[in-house]
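Here's the letter readout for the chains.
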2 protein chains.
Amino acid sequence: MKMRHGGDITTYSKLYQNELIDFSSNINPLGYPKGLKEFWKKHMNEGIKYPDIKYRKLKSHIAHYLHCNEDEVLVGNGAMEILDAVYNLCQNVEICYPSFGEYLDRAKIRKLNVTSIPLKDDLTVDMKLLDETLQENTIFILGNPNNPTGYRLEKDKLLKIYQMVREREGLLVLDEVFFEFCDYDYDSIELFRAYEFERVVIIRAATKYFALPGVRLGYACTNKRLIEELNKIILPWNVNIFADLAGQYIFNQEVYMEDSKKWIRSEREYVTTELEKLPGIKVYPGDCNFLLIQLQNHLEEEVLTFFLERGILIRTCSSFQGLGNNHIRIAIKGRDDNNKLLEVFREFLQEN
Amino acid sequence: MKMRHGGDITTYSKLYQNELIDFSSNINPLGYPKGLKEFWKKHMNEGIKYPDIKYRKLKSHIAHYLHCNEDEVLVGNGAMEILDAVYNLCQNVEICYPSFGEYLDRAKIRKLNVTSIPLKDDLTVDMKLLDETLQENTIFILGNPNNPTGYRLEKDKLLKIYQMVREREGLLVLDEVFFEFCDYDYDSIELFRAYEFERVVIIRAATKYFALPGVRLGYACTNKRLIEELNKIILPWNVNIFADLAGQYIFNQEVYMEDSKKWIRSEREYVTTELEKLPGIKVYPGDCNFLLIQLQNHLEEEVLTFFLERGILIRTCSSFQGLGNNHIRIAIKGRDDNNKLLEVFREFLQEN
């Protein structure tokens, strides 16, 4: 069975009848900010009301966090609802692969004309090919960092891509749901504010970094005119009251954010270094909280089964266009879990 | 300003700088089932996990409640997300007006060919006109009961409409989000089970009857093949974990459901009778928890302002195609609030 998404712990737990450590979905191992539970409870005790249809408070918190204006903020039931709305603005989309499967799936559902181009062998964007293939009036979507590669665009390269898109009167969509996991090099929002977010949409979410996958809070930053158009497309009351409340709490948690950044960096470095010592696999040293691994003599299914039998769920990658059946993706978790994963990996490579 | 939806209490409270009683949105005045808060808290203490991507538990609770099979259930981020997905199945839609504005708005967004036909003068479906206008391969959407009229289709009429749709190889979509407020005459799900839900989708929601507008839980019942198609269109993890949990709790609350039904019936009868005594207005005696009122010598804006100045928000109706600017809609609430509304109405009609 092809794994379309990570995180389907229910299916695999049933099959293997044990508690699994989930390395298939890539959320912050620290869990969501501790005080959020109390914040929710406090509001529950005051009574759950109709959410503000305009999400005024929520947008003001997001704008403050992103350093943009409130009328440059869009909120969504997860990041993909926002992408889905953006897909209504254009008839054409260009996608690099491998990348998050929903880019293509949603494009098909919205009946867009799709141009797919491969990343280069080193899994970075092929600028020459992009320049040759990118049409007028086309959405160009990029994960930044990209999933499953984990690679973040260099600032100069991003600006060059933006230039190409603008020359063709298209729209650059940056899926930055993993942004906060990366080392701070540049901030796209800061970068594109100088251009008043003209022809660029930056999508982020509470899902991964704030460990709130079940709460569904995505948000995007773009120019005011586009926000108005997108607000017409997005369903009213699309954001749940708990997500609305979460957004009024989490962005103030500076200690949590610093701790998360530190933890992720140190664990990513540790796991990358340890994995690179192992023969028979190639590790792509990504910038965020997951790592793509190429298996040199094995198929993804062998690894999946071996790890499941030892209580670990990894993400197979054959559902990602261009990766074949010899790649897996693992999340970075806490040290104990990471050590368990490394142990099983060593065992696997010794035995097979 | 045209009121596109009820429930925008934030805007009006700001304008009038007082606490408003919200008669513009029509949710169960009993509030949501009491134990839900504790149920949520219990689960929050166990840790908020990734929701099951297949919503297995949730669907099993809904199927039990609706008396259908689990594979005949679809879940959505509110009812309108489900309608929006259904709109992907066909190029044509026929809509009666006045009806909920989103039917038309979403059709435009999905670029469907729309045929709009008026209801008859008595605000019931014009069967002759429908028979003349309904095309092949067309979605026909009906509120049952309809918003803002509050009228529920008679069973025989519904079956005739279904027959027309089937003969034309179309799809009948019943928006039944107000179903539980009506007196029990027939259940569409029971009715269409005999047809294996062929060419019919019945949409319901926790929003209104279970008073959970902020929680976003819509669900639909249709045949298994269509469910599979719709599941491809709907975004993964579209239902928030709190909505998922709510659905595992509310449908077992039989005392709450009985109390709600009784309360609504008795208050609806009371308010209808009292309003019918007033000169200068025509009350449409709807079947659920709101009433449409035609003003004979006044404009909606006058009533809106008069009521707002007295702490009550009502729903103006000019945004409903076909109603002009002399209709308002009010929700049925608890007795004290209802009396307040009646009082203000008497005052308005005496003074004006």
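Each chain has its residues counted from 1, following the order in which its sequence is written. Numbering of ligands from 1 and lettering of chains from A proceed in the order in which they are written. Totals for whole chains, interfaces and linings use all residues, but because this is a predicted model, local features are given only for residues with pLDDT of at least 70 and pairs of side-chain atoms are given and counted only at 80 or more. Only hydrogens and water are removed before side-chain values are computed, so all heavy atoms of the structure are retained for them.

Before going further, it helps to spend a moment on the overall build of chain A. Here a strand is any run of E in DSSP of at least two residues, a helix any run of H or I of at least four, and the numbering for each starts at the N terminus. Per the secondary structure count, chain A includes 13 helices and 13 strands. With C-alpha atoms as the basis for the radius of gyration, the globule rule is written as 2.2 Å multiplied by the number of residues raised to the power 0.38. Computed over C-alpha atoms, the radius of gyration of chain A comes to 20 Å, within 12% of the 20 Å expected from 2.2 N^0.38 for 352 residues, which places it in the range of a compact globule. Along the three orthogonal principal directions, the C-alpha set of chain A runs to about 60 × 60 × 35 Å. For chain A, contacts bridging at least 24 residues in sequence account for 73% of all contacts bridging at least 6. Accessible area for chain A stands at about 13900 Å²; split by element, carbon and sulfur atoms hold 47% of it. Here chain A contributes 45 positive and 53 negative side-chain charges, whose respective centroids are spaced 4 Å apart. What makes two residues a contact is simply this: any of their non-hydrogen atoms within 4.5 Å. Exposure was quantified through the Shrake-Rupley algorithm and a 1.4 Å probe, taking into account, for residues, occlusion by the shown protein chains and nothing else. Charge assignment: positive for Lys and Arg, negative for Asp and Glu; neither His nor the chain ends contribute. All charge positions are set by atom: Lys at NZ, Arg at CZ, Asp at CG, Glu at CD.

A separate point is the environment of Gly6 of chain A. The topology assignment puts Gly6 of chain A in the segment before α1 (9–16). Along the backbone, Gly6 of chain A and Gln321 of chain A are 315 residues apart, and their C-alpha atoms lie at a distance of 16 Å. With residues near it in sequence (within four places) discarded, Gly6 of chain A still touches Ser24, Ser25 and Arg315 of chain A together with Trp237 of chain B.

Right, let's get into the sheet that holds strand β13 (residues 327–331) of chain A. Residues and elements named next belong to chain A. Note on pairing: DSSP must find at least two bridges between two strands before they are called paired. The four strands lie next to each other as β9-β10-β13-β12, forming an open sheet whose pairing is antiparallel. The sheet terminates laterally at β9 (281–284) and β12 (315–316), the two strands that pair on one side only. Each axis is a line fitted through C-alpha atoms, taken for helices only over the stretch in contact, and angles between the N-to-C directions span 0 to 180 degrees. Where helix α12 (residues 300–309) meets the sheet, it contacts β10 (290–295), β12 and β13, and its direction lies at approximately 40 degrees from that of β13.

Residues and elements named next belong to chain A. Definition used for salt bridges: Asp or Glu carboxyl oxygen within 4 Å of a side-chain nitrogen of Lys or Arg. Inspection of the entire model under this criterion finds 37 salt bridges over all chains. A salt bridge links Glu38 to Lys41, with the nearest nitrogen and oxygen atoms 4.0 Å apart. With Glu38 and Lys41 both in helix α2 (residues 36–45), this residue pair falls three residues apart, about one helical turn. Relative accessibility under 20% of the residue-type maximum defines a buried residue, over 50% an exposed one, and the middle range a partly exposed one, all with a 1.4 Å probe and only protein chains included. Of the residues examined, Lys41 reaches a relative accessible area of 13% and is grouped as buried. Notably, a salt bridge pairs Arg152 with Asp185, separated by 2.9 Å at the nearest N-O pair. Of this pair, Arg152 sits in the loop between β5 (138–143) and α7 (155–167) while Asp185 sits in the loop between β6 (171–175) and α8 (188–193), and the two are 33 residues apart along the sequence. The exposure class of Arg152 is buried, given its relative accessible area of 10%. Each of the salt bridges in this network shares a partner with another, and the network as a whole consists of Glu274, Lys277, Glu343 and Arg346.

Residues and elements named next belong to chain A. Within helix α3 (residues 56–66), burial applies to Leu58, Lys59, Ile62, Ala63, Tyr65 and Leu66. Seen from one end, α3 has its buried residues packed into an arc of 160 degrees, which puts them on one side. α3 presents Lys57 and His64 as exposed residues on the side facing more than 90 degrees away from its buried surface. A positive backbone phi angle near 60 degrees is found at His67, which sits one or two residues after α3. Here the arc refers to the set of directions running from the helix axis out to each C-beta atom.

The operation relating the two chain copies consists of a rotation about an axis and a shift along that axis. When chain B is fitted to chain A, the residual RMSD is 0.0 Å, and the transformation amounts to a turn of 180 degrees plus an axial shift of 0.0 Å. Each copy turns onto its partner about a two-fold axis. The fraction of interface residues of chain B whose copies in chain A are also interface residues reaches 100%, indicating that both copies meet through the same surface. Only residues with pLDDT of at least 70 in both copies contribute their C-alpha atoms to the least-squares superposition of the copies.

Let us look at the state of the cysteines. The term disulfide refers to a covalent linkage connecting the sulfur atoms of a pair of cysteines. Residue and element names in this part refer to chain B. When the sulfur atoms of two cysteines come within 2.5 Å, that pair is taken as a disulfide. Applying the stated rule across the entire model yields zero disulfides over all chains. Not engaged in a disulfide, the cysteine Cys90 finds its nearest cysteine sulfur in Cys96; these two sulfurs lie 16 Å apart. We classify Cys90 as buried; its relative accessible area is 14%. For Cys317, which is in no disulfide, the shortest distance to another cysteine sulfur is to Cys288 and amounts to 13 Å.

Every residue is assigned a pLDDT by the predictor, reflecting its confidence on a scale from 0 to 100. In this model, chain A carries an average pLDDT of 94, and 99% of its residues clear a pLDDT of 70 or more. With pTM at 0.92, the complex prediction returns an ipTM value of 0.91.

On to the pairing of strand β4 (residues 113–118) of chain A. Residue and element names in this part refer to chain A. For strand β3 (residues 92–97) and β4, the ladder comprises six bridges, and the chain directions are parallel. Within β4, the position partnered with Glu94 by the bridge is Thr115. Here a crossover is taken to be right-handed if, once the strands point away from the viewer, the path from the first strand over the helix to the second is traced clockwise. Considered for its hand, the β-α-β crossover made up of β3, helix α5 (residues 101–109) and β4 is right-handed.

Turning to the side chain of Asn77 of chain A, a few remarks are in order. Along the chain, Asn77 of chain A turns up in the loop between β2 (73–76) and α4 (79–86). Relative accessible area serves as the criterion here: at 4%, Asn77 of chain A is assigned to the buried category. Within polar-contact distance, the side chain of Asn77 of chain A engages the backbone oxygen of Asn238 of chain B at 2.9 Å. In contact with Asn77 of chain A, other than residues within four places in its own chain, are Arg216, Asn238 and Val239 of chain A together with Asn77, Glu81 and Asn238 of chain B. Definition of a polar contact: a pair of N or O atoms within 3.5 Å, with one able to donate and the other able to accept a hydrogen when the atoms are protein atoms, and with sequence-neighbouring residues admitted only if both atoms are side-chain atoms.

As a further point, take the packing of aromatic side chains. Residues and elements named next belong to chain A. Pairs were defined over the aromatic rings of Phe, Tyr and Trp, the Trp ring being its six-membered one, requiring ring centres within 6.5 Å. Orientation was assigned from the angle between planes: stacked under 30 degrees, edge-to-face over 60, tilted for the rest. What the rule picks out here adds up to 43 aromatic pairs over all chains. Centre to centre, the rings of Tyr65 and Phe251 are 4.4 Å apart; their planes meet at 20 degrees, and the pair counts as stacked. Residue Tyr65 is found in helix α3, and its partner Phe251 is found in the loop between α10 (241–247) and α11 (254–276); the two are separated by 186 residues along the sequence. The pair Tyr65 / Phe251 is uniform in exposure class, with both members buried. On the basis of an interplanar angle of 80 degrees and a centroid distance of 5.2 Å, the ring pair of Phe181 and Tyr209 is categorised as edge-to-face. Highlighted residues: Phe181 in the loop between β6 and α8 and Tyr209 in the loop between β7 (200–205) and β8 (218–221), separated in sequence by 28 residues.

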